[in-house]
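# Breakdown of the fold
Here's the letter readout for the chains.
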Amino acid sequence: MYTQGLDGKIGPVREAETAEEKEREARFQARIDAEERIEPNDWMPEGYRRTLIRQISQHAHSEIVGMLPEGNWVTRAPTLRRKAILLAKIQDEAGHGLYLYSACETLGVERAELVEQLLAGKAKYSSIFNYPTLTWADVGMIGWLVDGAAIMNQVPLQRCSYGPYARAMVRICKEESFHQRQGYEIVMTLAQGTPEQRRMAQESLDRWWWPALMMFGPPDSDSVHTAQSMKWKIKRVTNDELRQKFVDVTVPQAERLGLRIPDPQLRWNPERGHYDFGPVPWDEFWRVIAGEGPCNRERLEQRRRAHEEGRWVREAALAHAEKRRLRDRAA
Amino acid sequence: MADKDWPLYEIFIRPRNGLAHRHVGSLHAPDGEMAIEMARDLYTRRGEGNSIWAVPAVAIAVSSPDDKASLFEPAEDKEYRYPTHYTIPSDVKNM
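Residues numbered from 1 in each chain as written. Chains lettered and ligands numbered in written order. Predicted model: local features only at pLDDT ≥ 70, side-chain atom pairs only at ≥ 80, totals over all residues. Heavy atoms only, no water.

### Side note on the interface of chain B and chain A
The partner chain A presents 24 residues to the 21 residues of chain B that form the contact. The junction of chain B with chain A conceals about 2,000 Å² of combined surface from both sides, 46% of it contributed by carbon and sulfur atoms. At the boundary of chain B and chain A, one finds eight salt bridges. The salt bridge partner of Asp-31 of chain B is Arg-324 of chain A, with a shortest N-O separation of 3.0 Å. Between the two partners, chain B and chain A, sit 13 residue pairs in polar contact (both at pLDDT 80 or more). Breaking the side of chain B that touches chain A down by element, the ones donating at least two residues are β2 (22–28) and α1 (32–43) of chain B. When residues in the side of chain B that touches chain A are grouped by element, the largest group, four residues, is from α1 of chain B. Classifying every residue of the side of chain B that touches chain A by side-chain character gives ten nonpolar, two polar and nine charged. (Contact = heavy atoms within 4.5 Å. Buried area = accessible area lost by both parts, 1.4 Å probe. Salt bridge = Lys/Arg side-chain N within 4 Å of Asp/Glu carboxyl O. Polar contact = N/O pair within 3.5 Å; in protein donor to acceptor, adjacent residues only side chain to side chain. Helix = DSSP H or I, 4+ residues; strand = E, 2+ residues; numbered from the N terminus. Nonpolar A, V, L, I, M, F, W, Y, C, P; charged D, E, K, R; others polar.)

Laid out in structure tokens, this is it:
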């Protein structure tokens, strides 16, 4: 998910100047235009490399931070089956984070450095994970809406021009489908339950709907990178197109549950063949991105604590491996 | 300063007997034994395989894209390596 194209800064990139440099860039673009995949050791423009590092690392961080709101409910899952499912899903998210850090490392940056940037508060992750999971319905809503939005975003990324990223996406998309379905099942169970359970589902949808639409990133008119990323085929579909597609598939799913989407302006537009929907509260989006969401501080503190508390394990494992290596050599 | 990470391993999985091990990705691990444990959790959560190779990434020799021409072009103009290069009368059977 989770590639909102947020941080506008990829640092200064030296433009191609000499005829030879321009020729090399033109050859690169020709490969992209011919739908060739770019692989790790191939020559690539510095801007392409940095855009990918930014996007893939933000994506990886999102998977890792995304475990926290769900982890909140592991010990309080309503049944053993739900608990096992939730654990499996969270384990998948950790896996997704690791596939993505690996893909990012092929671009010549070390995972430790990326983690360091996240913990220092210098890296971005998806705005959606700065919202709290207040009720069990939120766990269902994350699966249905958040993972649903993620799938919408990630399916076209399977055809990204950068091979390792595209391959990681193939794996991730396969696994993500279970996440969305289990979420919808949770919400469906509540929607068909007691009046109190129905209210819980509706209240949760009311809170998650707009943040879910924000996951696709700012409107195309404000999205600095879209044009270049599309040209490089790092991105295949624009933010607004994906958002529209998400609304179009999700509204009937909500109707099926008898839940109401909290948007008075939402209605089917037969001429466009799409749903019209109200303005996304972008002020809120930019506030969350700037660090002022409900849980920004808590999420980073939790990650930092986990990193620090795991330090002795990482060091001990390395020391043990080294000791064994020396012993084997001596024998 | 970022912490020192564990060494990088490339992971190969055999989906089932009769097939070759196939590269699936990489991971950081303190040693080979742990790399296999971690590859189990990372790459075979849904029965993707029955055998794992974990190879230290530093042990892999890699061809450079710059050498692509000298390595692979010699194969391009040798059509006589393919059966379709030869014209055999159609009444000759079983060939």
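### Let's talk about the packing of aromatic side chains
Residue and element names in this part refer to chain A. For the structure shown, the criterion picks out 13 aromatic pairs over all chains. Through a chain of ring-to-ring contacts, three or more aromatic side chains come together here, namely Phe-28, Trp-43, Tyr-48 and Trp-232. In this structure, Arg-76 packs its charged tip against the face of Trp-73, placed 4.2 Å from the ring centre. (Phe/Tyr/Trp six-rings, centres within 6.5 Å; stacked < 30°, edge-to-face > 60°. Lys NZ or Arg CZ within 6 Å of the ring centre and 35° of its normal.)

### What to know about helix α5 (residues 111–119) of chain A
Residue and element names in this part refer to chain A. Among the residues making up α5, those that are buried are Arg-111, Ala-112, Leu-114, Val-115, Leu-118 and Leu-119. Around the axis of α5, the buried residues are gathered within 160° of arc, so they sit on the same side. Immediately beyond the C-terminal end of α5, within one or two residues, lies Gly-121, with a positive phi of roughly 75°. (Buried < 20%, exposed > 50% of the residue type's maximum accessible area, 1.4 Å probe, protein only. Arc of directions from axis to C-beta.)

### Re the pattern of salt bridges
Residue and element names in this part refer to chain A. This structure, assessed with the given rule, holds 32 salt bridges over all chains. Where Arg-27 meets Glu-23, a salt bridge forms, and the shortest distance between an N and an O atom there is 3.2 Å. With Arg-27 and Glu-23 both in helix α1 (residues 19–33), this residue pair falls four residues apart, about one helical turn. For Glu-46, the salt bridge identified is with Arg-50, shortest N-O distance 3.6 Å. Within this pair, Glu-46 and its partner Arg-50 are both found in helix α2 (residues 46–65), separated by four residues, close to a single helical turn. On the accessibility criterion, Glu-46 (37% relative accessible area) is partly exposed. Put simply, Glu-35, Arg-37, Lys-233 and Arg-236 are held in one network by salt bridges that share partners.

### Topic: the nonpolar core
Tyr-48 and Tyr-162 of chain A are the most contacted members of the largest nonpolar core, which totals 93 residues. Residues contacting Tyr-48 of chain A, with those up to four places away along its chain left out, are Phe-28, Ile-32, Ile-38, Ser-161, Tyr-162, Trp-232 and Ile-234 of chain A. (Core = buried A, V, L, I, M, F, W, Y, C linked by side-chain atoms within 4.5 Å.)

### Quick look at the sheet that holds strand β3 (residues 51–56) of chain B
All names here are of chain B. Spatial strand order, β2-β1-β3: three strands in an open sheet with antiparallel pairing. The sheet terminates laterally at β2 and β3, the two strands that pair on one side only. When the angles between neighbouring strand axes are averaged without regard to direction, this sheet yields 30°. When strand β1 (residues 8–14) meets β3, the two strands line up antiparallel, connected through six bridges. When the sheet's bridge partners are listed, Tyr-9 is paired in β3 with Pro-56. (Pairing = 2+ DSSP bridges. Axes fitted to C-alpha atoms, helices over the stretch in contact; angles between N-to-C directions.)

### Thoughts on the confidence of the model for chain B
Scored by pLDDT, chain B has a mean of 92; 97% of the residues are at 70 or more. Here helix α2 (residues 68–72) of chain B is the element of chain B with the lowest mean pLDDT, 88, and β3 of chain B is the one with the highest, 98. (pLDDT = per-residue confidence, 0-100.)

### Considerations on the side chain of Glu-175 of chain A
Its place among the elements puts Glu-175 of chain A in helix α7 (residues 163–191). One polar contact links Glu-175 of chain A to Tyr-99 of chain A, side chain to side chain, over a distance of 3.3 Å. Contacts of Glu-175 of chain A, omitting those with residues within four sequence positions, involve Asp-92, His-96 and Tyr-99 of chain A together with Arg-45, Arg-46 and Glu-48 of chain B.

### Notes on the packing of helix α8 (residues 195–214) of chain A against helix α10 (residues 239–257) of chain A
Residues and elements named next belong to chain A. Where α8 contacts α10, the axes come no closer than 12 Å and their chain directions differ by 175°. What the angle tells us is that α8 and α10 run roughly antiparallel. Here Arg-198, Trp-209, Ala-212, Leu-213 and Met-214 of α8 come into contact with α10, specifically with Arg-243, Phe-246, Val-247, Thr-250 and Leu-257. (Parallel < 35°, antiparallel > 145°, perpendicular 65-115°, else oblique.)

### Examining the environment of Leu-119 of chain A
Residue and element names in this part refer to chain A. Position of Leu-119 relative to the elements: it lies in helix α5. The class for Leu-119 is buried, based on a relative accessible area of 11%. With residues near it in sequence (within four places) discarded, Leu-119 still touches Arg-303, Arg-304 and His-307.

### With respect to the packing of helix α4 (residues 80–105) of chain A against α5 of chain A
All names here are of chain A. Where α4 meets α5, the closest approach of the two axes is 9 Å, and the angle between their N-to-C directions is 115°. Counted together, Leu-98, Tyr-101, Cys-104 and Glu-105 of α4 and Arg-111, Leu-114, Val-115 and Leu-118 of α5 form the full contact between these two elements. Residues that form the contact of α4 with α5 fall into these classes: six nonpolar, no polar and two charged.

### A word on unusual backbone geometry
Phi at Glu-35 of chain A takes a positive value of approximately 65°, unusual for a residue other than glycine. Residue position: Glu-35 of chain A is located in the loop between α1 and α2. Since its relative accessible area comes to 38%, Glu-35 of chain A is described here as partly exposed. Backbone geometry at Asn-94 of chain B places phi at a positive 55°, although glycine is not the residue there. Within the secondary structure, Asn-94 of chain B is located in the segment after α2.

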